[in-house]
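Examination of the molecular architecture
Here are the chains, one letter per residue:
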Amino acid sequence: MCAKRVCPETMPTLRIDVLRYYKSSYKTAVMIFSILISLPVLLGNVINSVDVEACLLNRTDKYLHMKYKSEVCRVGKDFDEWRFSAYSTFKLRFPIDSEKQNYVRKISGALFSEVKPTALSNVKLVAVSNKALLDILDLNPAVQHNFMFVNFVAGNWLHPGGVYLSHRYGGHQFGYWAGQLGDGRAILLGEYINLNGEKWELQLKGSGKTPYSRNGDGRAVLRSSVREFLVSEAMYHLDIPTTRVASLVVSDDTTWRDQFYDGHPKREKTAVVLRLSKSWFRIGSLEILHYSKEYRLLRQLVEFIIEDYFPWILKKGNRFLIFFRAVVEMTADLIAKWQAFGFAHGVCNTDNFSVLSITMDYGPFGFMDTYNPGYIPNTSDDEGRYSFQNQPQVGYFNLEKLMVALSSLMFYERYNNTACGL
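The model shown is predicted, which means the values in this text are computed figures rather than measured ones.

Turning to the overall build of the protein chain, a few remarks are in order. In terms of helices and strands, the protein chain carries 10 helices and 12 strands. Burial status across the protein chain gives 53% buried among its 422 residues. In the protein chain, once contacts between residues fewer than 6 apart in sequence are set aside, the share between residues at least 24 apart is 70%. When the accessible surface of the protein chain is summed, it comes to about 19700 Å², and 54% of that surface belongs to carbon and sulfur atoms.

Quick look at the pattern of salt bridges now. Side chains that differ in charge, positive against negative, can pair when their charged atoms come close. Taken as a whole and judged by the stated rule, the model has 20 salt bridges. With its nearest N and O atoms 2.6 Å apart, the salt bridge here joins R105 to D97. Taking the relative accessible area as the measure of exposure, R105 reaches 12% and is therefore buried. One salt bridge connects E303 with R319, and the closest N-O pair in it is separated by 2.7 Å. Of this pair, E303 sits in helix α8 (residues 295–309) while R319 is found in helix α9 (residues 319–340), placing the two residues 16 residues apart along the sequence. Because the salt bridges share partners, they merge into one network encompassing K205, E228, R275, R282 and D361.

In this structure, the second largest pocket encloses a volume near 1600 Å³. In terms of lining residues, the second largest pocket is bounded by 45 residues, among which R185, Y261, V347, G363 and P364 are the most central. Counting residues per element, the ones that place at least two in the lining of the second largest pocket are β8 (220–221) and α6 (222–237). It is α6 that provides the largest number of residues to the lining of the second largest pocket, a total of five residues.

A positive phi angle, close to 50°, is found at N122, a residue other than glycine. With respect to the helices and strands, the residue N122 is situated in the loop between β1 (112–114) and β2 (124–128). By relative accessible area, which is 57% here, N122 ends up exposed.

Residue placement: K199 occurs in strand β7 (residues 199–205). For K199, a relative accessible area of 17% gives the class buried. Taking C-alpha positions, K199 is 9.6 Å from D308, a pair spaced 109 residues apart along the chain. With residues near it in sequence (within four places) discarded, K199 still touches T89, E191, Y192, I193, K278, F304, D308 and Y309. Of note is the side chain of K199, whose polar atom sits 3.4 Å from the side chain of E191. Separated by 2.4 Å, the side chains of K199 and D308 make a polar contact.

Criteria and thresholds
- Residues numbered from 1 in each chain as written.
- Predicted model: local features only at pLDDT ≥ 70, side-chain atom pairs only at ≥ 80, totals over all residues.
- Heavy atoms only, no water.
- Helix = DSSP H or I, 4+ residues; strand = E, 2+ residues; numbered from the N terminus.
- Buried < 20%, exposed > 50% of the residue type's maximum accessible area, 1.4 Å probe, protein only.
- Contact = heavy atoms within 4.5 Å.
- Areas by Shrake-Rupley, 256 points an atom, 1.4 Å probe, with all protein chains shown as cover.
- Salt bridge = Lys/Arg side-chain N within 4 Å of Asp/Glu carboxyl O.
- 1 Å grid on protein atoms, 1.4 Å probe; cavity = no way out; pocket = protein on both sides within 12 Å on 5 of 7 lines; lining within 4 Å.
- Points joined across faces, edges and corners; volume = space filled by probe spheres on them.
- Polar contact = N/O pair within 3.5 Å; in protein donor to acceptor, adjacent residues only side chain to side chain.

Have a look at this one:
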């Protein structure tokens, strides 16, 4: 039999010793970034007189410092030369849903479902990020004129090295557990390791229905896709950790959307964005396994995340607790940057909070034009739960939910209780 379970409510030591790091880290980060936003004025003349690309903050360091980045003349690959990573992490490391038909359903015992993009008609490439193509994917920006590339980023042509998966996750939405959610309109294409040795995951958003679409149509519209493209570039150049968008494709196909949630839907053109991230795992990825009592798979996922993204934790004791502490500090740092630049995410559910503490899943976000702590970019947030001033507290709430999801692993690690199904 298992030894007695320790629920999150009876783990005061964790609340005191770990979650307090969130508040202290947040206050420190706010102070640093209040200084940061004044730097362009103080150093403008110096920066303009030096041949540098940007003044960047190295987020892996705890001290503010300047890094001059010289331009590197790189041509990049032609699309015909480009290949996904030969090693498919997800198919080799994790169980995949055995059902191959694409219909909405409840799934257990798997992290991903296999699903292919649904083709669009008469697609047109309307925007690319040259910097994302070259720096992340090692592609020559001229690929935007390549017919196969355009169809690849539209989801109309399947690259033979792709994996084509949608991710199962859950989440707390507006404070309440919502159960299974998942990638309702996003499909993971595969992984790419670039010339810098960085691993990136490519994902199409708006590429059709998946087993997690619920009542949705799996599509994105041009209006919201343009916003995501622009804000991803803006956040990157503000040095706020973010997912990236490499391309934006529009189609003649249309779908219904009620933009203002006022009962007056209109037909809008559909679009697809190619999104890039170091990882698409989020707090909700762990929560769904915890609440479904899939503890072995939960441990497998968390150990993978530590191994791939937090390797410095591997040789330490209490690695699940140390992982939690790292996410706490990184989340405090991220939200401090949001606050410093007047950014409001709009939908800070746990399914939208990355375990790598990068800004992801841009929906009804906004930047304040004038300072207003009560600013709410989401018109459906009637109670202002995700207002600008509430973001630090919401971050704390989400981290508590992460602690709950990790509680069985931390208990196992502390007592080495192998009889508890882990």
